[in-house]
Amino acid sequence: MTSALLYAFAGVALCGIGLFGFLRLQHLLRKLMAFNLIGSGVFLIMVGLAQRNGQPDPVPQALVLTGIVVAIAATALAVVLIRRYYHLSGQTTLAEPARENARPKARAVNREGAPE
Amino acid sequence: MRRFFGVTVLAAVCLAFAGALMITVWHISGTQAPVDLPGLLAENLEASGVEHPITAVLLNFRSYDTLLEIGVLVIAGIAGISMAKTTSLEDPLLRTSDSLLYALQRWFVPLMLVLAGYLLWAGSDRPGGAFQAGAVLAASGVMMRLGGIPMEFLRPGVLLRLGLALGFSVFLLVAVASAMAGDAFLAYPEAFNKPLILVIETVLTFSIAMVLLALFVSAPVNGAEEPEEGERG
Amino acid sequence: MIDWLVDSILVLALLSTAIGVLWSANLFRAVVMFIAFGLLMALAWVRLQAPDIALAEAAIGAGLTGVLLLDAARHLGYNRRCGGEGNDQGGASG
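No experiment lies behind these values; they were computed from the predicted model shown.

**Some points on the interface of chain A and chain C**
Many structure descriptions define interface size as the accessible area lost when the parts assemble.
In step 1: Listed as interface residues are 45 residues of chain A and, on the opposing side, 41 residues of chain C.
In step 2: At the level of elements, helix H1 (3-24), helix H2 (28-50), helix H3 (58-89) and helix H4 (98-106) of chain A are the ones that each hand at least two residues to the side of chain A that touches chain C.
In step 3: In terms of residue count, the dominant contributor to the side of chain A that touches chain C is H3 of chain A (twelve residues).

**Thoughts on the packing of H2 of chain A against helix H1 (residues 2-23) of chain C**
In step 1: For the pair H2 of chain A and H1 of chain C, interaxial distance at closest approach is 9 Å and the crossing angle is 160°. Considering their axes alone, H2 of chain A and H1 of chain C lie roughly antiparallel with respect to each other. As H2 of chain A runs across H1 of chain C, the sense of the crossing is left-handed. Seen from H2 of chain A, the contacting residues are Arg30, Met33, Ala34 and Leu37 of chain A; seen from H1 of chain C, they are Ala18, Val21 and Leu22 of chain C.

**Considering the interface of chain B and chain A**
In step 1: Tallying the contact residues gives 39 residues for chain B and 35 residues for chain A.
In step 2: Contributions of two or more residues to the side of chain B that touches chain A are made by helix H1 (2-30), helix H2 (37-44), helix H3 (53-61), helix H4 (63-82) and helix H8 (193-217) of chain B.
In step 3: Here the side of chain B that touches chain A takes twelve residues from H1 of chain B, the largest share from any one element.
In step 4: Looking at the side of chain B that touches chain A residue by residue, the classes come out as 32 nonpolar, four polar and three charged.

**Regarding the UniProt feature "transmembrane region" (unreviewed entry) in chain C**
All names here are of chain C.
In step 1: In the numbering used here, UniProt assigns the feature "transmembrane region" (unreviewed entry) to residues 6-23, 30-48 and 54-73.
In step 2: Overall, residues 6-23 shows 100% helix and 0% strand. The separation of its end C-alpha atoms is 25 Å.
In step 3: The annotated region residues 54-73 carries 100% helix and 0% strand content, and the separation between its end C-alpha atoms amounts to 26 Å.

**Quick look at the environment of Ser124 of chain B**
All names here are of chain B.
In step 1: The topology assignment puts Ser124 in the loop between helix H5 (99-122) and helix H6 (130-146).
In step 2: Distance in space between the C-alpha atoms of Ser124 and Leu137 is 18 Å, their sequence separation being 13 residues.
In step 3: When residues no more than four places from it in sequence are discounted, the contact partners of Ser124 are Val50, Glu51, His52 and Thr55.

**Re the nonpolar core**
In step 1: Val211, Leu212 and Leu215 of chain B are the most contacted members of the largest nonpolar core, which has 121 residues in total.
In step 2: Broken down by element, the residue count for this core peaks at 15 residues, all from H3 of chain A.
In step 3: The contact partners of Leu215 of chain B, leaving out residues within four places of it in the chain, are Ala73, Ala76, Leu77 and Val80 of chain A together with Ala76, Gly77 and Gly80 of chain B.

**Let's talk about the UniProt feature "domain: MrpA C-terminal/MbhD" (unreviewed entry) in chain C**
In step 1: Residues annotated in UniProt with the feature "domain: MrpA C-terminal/MbhD" (unreviewed entry) correspond here to residues 13-76 of chain C.
In step 2: Regarding residues 13-76 of chain C, the helix share stands at 91% and the strand share at 0%, and the terminal C-alpha atoms are separated by 28 Å.

**A word on helix H3 (residues 51-76) of chain C**
Residue and element names in this part refer to chain C.
In step 1: Look at H3: 35 Å from first C-alpha to last across 26 residues, which is about the 38 Å you get at 1.5 Å a residue.
In step 2: Approximately 35° is the largest bend angle found in H3, and it occurs at Glu57.
In step 3: Where H3 terminates, the next one or two residues include Gly77, which has phi positive at roughly 85°.

**Description of the confidence of the model for chain B**
In step 1: The pLDDT averaged across chain B works out to 85; a share of 90% of its residues lies at or above 70.
In step 2: Within chain B, the element-level pLDDT minimum falls on H2 of chain B, averaging 86, and the maximum on H4 of chain B, averaging 93.

**Thoughts on the packing of H3 of chain A against H4 of chain B**
In step 1: Orientation of H3 of chain A relative to H4 of chain B, taken along the N-to-C sense of each, is 10°, at an axis distance of 9 Å. As judged from the angle between their axes, H3 of chain A and H4 of chain B are roughly parallel. Here Leu63, Thr66, Val69, Val70, Ala73, Ala74, Ala76, Leu77 and Val80 of chain A of H3 of chain A lie close against H4 of chain B, whose contacting residues are Asp65, Thr66, Glu69, Val72, Leu73, Ala76, Ala79 and Gly80 of chain B.
In step 2: Residue classes in the contact of H3 of chain A with H4 of chain B are distributed as twelve nonpolar, three polar and two charged.

The rules we used
- Residues numbered from 1 in each chain as written.
- Chains lettered and ligands numbered in written order.
- Predicted model: local features only at pLDDT ≥ 70, side-chain atom pairs only at ≥ 80, totals over all residues.
- Contact = placed C-beta atoms within 7 Å.
- Helix = DSSP H or I, 4+ residues; strand = E, 2+ residues; numbered from the N terminus.
- Axes fitted to C-alpha atoms, helices over the stretch in contact; angles between N-to-C directions.
- Parallel < 35°, antiparallel > 145°, perpendicular 65-115°, else oblique.
- Left-handed = near helix turned anticlockwise from the far one by under 90°.
- Nonpolar A, V, L, I, M, F, W, Y, C, P; charged D, E, K, R; others polar.
- UniProt positions renumbered as here; feature names shortened; annotations may be inferred.
- Core = buried A, V, L, I, M, F, W, Y, C linked by C-beta atoms within 7 Å.
- Buried ≥ 20, exposed ≤ 12 C-beta atoms within 10 Å, placed from the backbone.
- Expected span 1.5 Å × (residues − 1).
- Bend = angle between axes of the 7 residues up to and from the residue.
- pLDDT = per-residue confidence, 0-100.

This is the structure we're talking about:
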């Protein structure tokens, strides 16, 4: 087990942590950071696994370089979207307010099935 | 109680996922790769035109990936700019009165520009290249923006469009030109290897910096009017 | 032996900052942990013999993403405690 493989396992752990945070956290900015953690974990797995014998391998390194630049463009676009969403709705999460959730339960229907 | 149950289920699922991934990684690490990529790369490095293997991979052997990457960046830039709703780029309120930031800008921005140029040049035979140079250039632009320095080229108009489209279009032009000349798509003519790579890296740097800076500038949202084309605003 | 020590400490620090990003009390602390995570990743890339990626990660991952997220966190209000527990309506799924 070389040191590069240790980083690959660290990447696996990062993917797990990031996935848990992405699914569990409600705040959109934290979801974004958890998603970036998954991305960093994937990059570590790619390079760590390819270099497990100790020899530096330029091809996965080039692909990870491309990946980092694309990730930051996507993150920046996500921040633009989140800030626009916050400006329009005043919320930082995607959960609906309690009022909206209660309304469908209270809606009554008549015999034909149309809502009264 | 139900919430606690939900959390544990989620944690168990993520743990199972990480465990399965770890087993897969361990299994793959025991096998041998079918292709010896570093060996192949070392043999063909002189044919690529640059001495640094990563630059050779990025801009010659896997230049298709770089072409698509800059295309994705342009799309993200367009999407971000189309939602821009920020204060005027020449708002005097945005000019910083913080003397520390002002002094920092005056000293750092020229240094960062020189650093970006060096990173771009150094990419041919040592670590460096278009992406790092573009990132440093974008960072210097962000520093200028944080201090409220007016940046004309970010106003919607010819300069912005030119900056965004330049990298992708020059790269695509080179790719299509070699296809029309009878060679494969994206195959550089042997004699012009190094100059072509340098030209493409330069426009890539410029475009990457422009896209990242435009995305950063369009992030804040307020009630201002969108800057219209041609308006002083 | 020293190599192993450096690598394991770096991996531990990476995982700790990653957990800190998700579990911090307020948003500002989470973003600062994220910047620290980016810098530690740059170190990890150096240990993986990838100096190009280290340069890009330091500039992009720690620098640009950090500024972007700090700006966003300030405007989204980082003084309240947010992001840890979900609302009751949404349940456990985000």
